[in-house]
Amino acid sequence: MKLIMAVVQDKDSNRLSQALVEHNFRATKLASTGGFLRSGNTTFMIGVEDIRVDKALQIINDNCKHRDQLVAPVSPMGGNADSYVPYPVEVEVGGATVFVLPIEQFHQF
Amino acid sequence: MKLIMAVVQDKDSNRLSQALVEHNFRATKLASTGGFLRSGNTTFMIGVEDIRVDKALQIINDNCKHRDQLVAPVSPMGGNADSYVPYPVEVEVGGATVFVLPIEQFHQF
Amino acid sequence: MKLIMAVVQDKDSNRLSQALVEHNFRATKLASTGGFLRSGNTTFMIGVEDIRVDKALQIINDNCKHRDQLVAPVSPMGGNADSYVPYPVEVEVGGATVFVLPIEQFHQF
Ligand code: NI
Ligand code: NI
Ligand code: NI
C-alpha cells in the first residue's frame, strides 16, 4: 500500500473524484488553501495498493493536467478601459502536485 | 516515531478525541469530506512513539469500529408513503481507515 | 524530496507563509483544529528537496518558536472583579509540531 497525497485545483476536484470512484479508488478530500497551486485547491488522500499506483497517477494526470485555456475578455463595465483587452487571453489552469508516501501499516476497522 | 493518519466518521470524532487525550496521545484534526467513509468525516493526525502505535490503533478501533445500528423509522410526513418502512432499519455506522506512516524526523519548536 | 507536515498556531501562520514564499518553498495549508497546540492551528504541507530540509526547519523554528508573551490585563468590565489581575500576565504562544516524511515519488502534472 501507498498513500498518495495530491493537491489539485478546486475546478478539477469534482472530475477527479468521479474518475477515482469509477476506477474503485477510495479518496478523502482535505480542505486546503494556497500554496502549490495559486487558486483554491483540494488535497486528496488516496490509499492505493502498490500495483495500482501508476493507474492512480494516470487518472490524476488525465483529470488535473496543467493546460492553457483561452478566456473570453470581460467588457470593462465602468472599470478601467485602459486595461481592457479586446481579445481572448490565455490563462493557465489545472496542474497537480503529487506525493507518493510509503506506509508501514494499513488498517480498516 | 510514526505518524498515524486516521479517517473516522464525524459522529465518532469527539469520542476518539477524548480517548486519545485520556491516554496522552496528541492529535490534530483535519477537516475532510467524502471518500473512505460515506458520511462526513474527520482526519486525525497523531504523532506516536513506535512503542505506543499498537495502543493508539486499539483506541481507534475501540472508538470507531464499524458496527450495525438499528434506526427507528421516521414517519413519512407528506413524503412518499410507499417508501415508508414501519420497523427499525439496520444501518452501518462507524469504521475507520488508518495509515501508519514512517517519519524521518520529528521536531517540536 | 521530503514532505514536511508542520502544525503551527494560526497566529504564526501568515508570517510562516510569507517566509516560506520568500525562500522559494511551496506549501499548502490544511485547515486543522485542536490537538498538538491548544488554540486554532494550521497544518502546512511543504514539499522540499532533501538538501533544503534543514533550511525549511529553520524557517519554521524562526517563525513559530514557542515563546512566552506578556499580556496586559483587561479590566473587568462588569465581570468578576475577584478574578481581575492588575499586572501583565505571561502566556505561552507559538510552538510547532513538525514531521519530516520520506516520499517515494514526487510528480507535478
Ligand atoms: Ni502553461
Ligand atoms: Ni456491517
Ligand atoms: Ni514557556
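Please refer to the structure placed before this passage.
Residues numbered from 1 in each chain as written. Chains lettered and ligands numbered in written order. Predicted model: local features only at pLDDT ≥ 70, side-chain atom pairs only at ≥ 80, totals over all residues. Heavy atoms only, no water.

Student: Break down the overall build of chain A for me, with residues and values.
Tutor: The number of helices and strands found in chain A is two helices and seven strands. Secondary structure of chain A in N-to-C order comes out as β-α-β-β-α-β-β-β-β. Buried residues in chain A amount to 43% of all 109 residues. At a minimum sequence separation of 6, the contacts of chain A that also span at least 24 residues come to 72%. For chain A, the exposed surface amounts to about 5,700 Å²; the carbon and sulfur share of it is 51%. (Helix = DSSP H or I, 4+ residues; strand = E, 2+ residues; numbered from the N terminus. Buried < 20%, exposed > 50% of the residue type's maximum accessible area, 1.4 Å probe, protein only. Contact = heavy atoms within 4.5 Å. Areas by Shrake-Rupley, 256 points an atom, 1.4 Å probe, with all protein chains shown as cover.)

Student: Just give me the short version of the pattern of salt bridges, but keep the residues and values in it.
Tutor: What the rule picks out here adds up to twelve salt bridges over all chains. Here R67 of chain C makes a salt bridge to D12 of chain C, at a shortest N to O gap of 2.9 Å. Placement of the pair is R67 of chain C in strand 4 (residues 67–71) and D12 of chain C in helix 1 (residues 10–22), with a sequence separation of 55 residues. Where salt bridges share partners, they join K2 and D50 of chain A together with E104 of chain C into one cluster. (Salt bridge = Lys/Arg side-chain N within 4 Å of Asp/Glu carboxyl O.)

Student: If you had to explain the interface of chain B and chain A to someone new, which residues and values would you point to?
Tutor: In this assembly, 26 residues from chain B lie in contact with 21 residues from chain A. Between chain B and chain A the total buried area reaches about 1,900 Å² when both faces are included, carbon and sulfur atoms providing 64% of it. Counting the contacts that link chain B with chain A gives one salt bridge. For the interface between chain B and chain A, the tally reads five residue pairs in polar contact (both at pLDDT 80 or more). Contributing elements (two or more residues each) for the side of chain B that touches chain A: strand 1 (2–9), strand 2 (26–33), strand 3 (41–48), helix 2 (53–64) and strand 6 (96–102) of chain B. Grouping the constituent residues of the side of chain B that touches chain A by class yields 14 nonpolar, ten polar and two charged. Both strand 7 (residues 105–108) of chain A and strand 6 of chain B contribute to a ladder of four bridges, which runs antiparallel. (Buried area = accessible area lost by both parts, 1.4 Å probe. Polar contact = N/O pair within 3.5 Å; in protein donor to acceptor, adjacent residues only side chain to side chain. Nonpolar A, V, L, I, M, F, W, Y, C, P; charged D, E, K, R; others polar. Pairing = 2+ DSSP bridges.)

Student: Outline helix 2 of chain B, listing residues and values.
Tutor: Between the first and last C-alpha of helix 2 of chain B there are 16 Å, a value that for twelve residues agrees with the 16 Å anticipated at 1.5 Å per step. Taken as a whole, helix 2 of chain B has its buried residues at V53, A56, L57, I59, I60, N63 and C64 of chain B. Across the axial projection of helix 2 of chain B, the buried residues extend over an arc of 160°, all falling on one side. Buried-residue contacts for helix 2 of chain B involve strand 7 of chain A together with strand 1, helix 1 (10–22), strand 3, strand 4 (67–71) and strand 6 of chain B. (Expected span 1.5 Å × (residues − 1). Arc of directions from axis to C-beta.)

Student: Residue-level account of the interface of chain B and chain C, with values.
Tutor: In this complex, chain B contributes 21 residues to the contact, which on the side of chain C involves 26 residues. Interface area for chain B against chain C, summed over the two sides, is near 1,900 Å², with a carbon-plus-sulfur share of 64%. At the junction of chain B and chain C, the tally comes to one salt bridge. Linking E104 of chain B and K2 of chain C is a salt bridge whose minimum nitrogen-to-oxygen distance equals 3.1 Å. Counting the contacts that link chain B with chain C gives five residue pairs in polar contact (both at pLDDT 80 or more). Put simply, the parts of the chain that give the side of chain B that touches chain C at least two residues each are strand 1, strand 2, strand 3, strand 6 and strand 7 (105–108) of chain B. Looking at which element gives the most residues to the side of chain B that touches chain C, the answer is strand 2 of chain B, with six residues. Looking at the side of chain B that touches chain C, its residues break down into 13 nonpolar, five polar and three charged.

Student: Tell me what's going on with the nonpolar core, and back it up with residues and numbers.
Tutor: M5 and L101 of chain A, M5 and L101 of chain B together with M5 and L101 of chain C are the most contacted members of the largest nonpolar core, which has 24 residues in total. Leave out the neighbours within four places in its chain, and L101 of chain C touches L101 of chain A, L3, L101, P102 and I103 of chain B together with K2, L3 and M5 of chain C. (Core = buried A, V, L, I, M, F, W, Y, C linked by side-chain atoms within 4.5 Å.)

Student: Which residues make up the relation of the copies chain B and chain C, and what values do they have?
Tutor: By a simple turn and slide, chain B fits onto chain C: the slide is 0.0 Å along the axis, the RMSD is 0.1 Å, and the turn is 120°. Such a turn and shift between the copies fits a three-fold axis. Considering only C-alpha atoms, the residue of chain B closest to the rotation axis is A31 of chain B, which sits at 3.7 Å. (Least-squares fit on C-alpha atoms with pLDDT ≥ 70 in both.)

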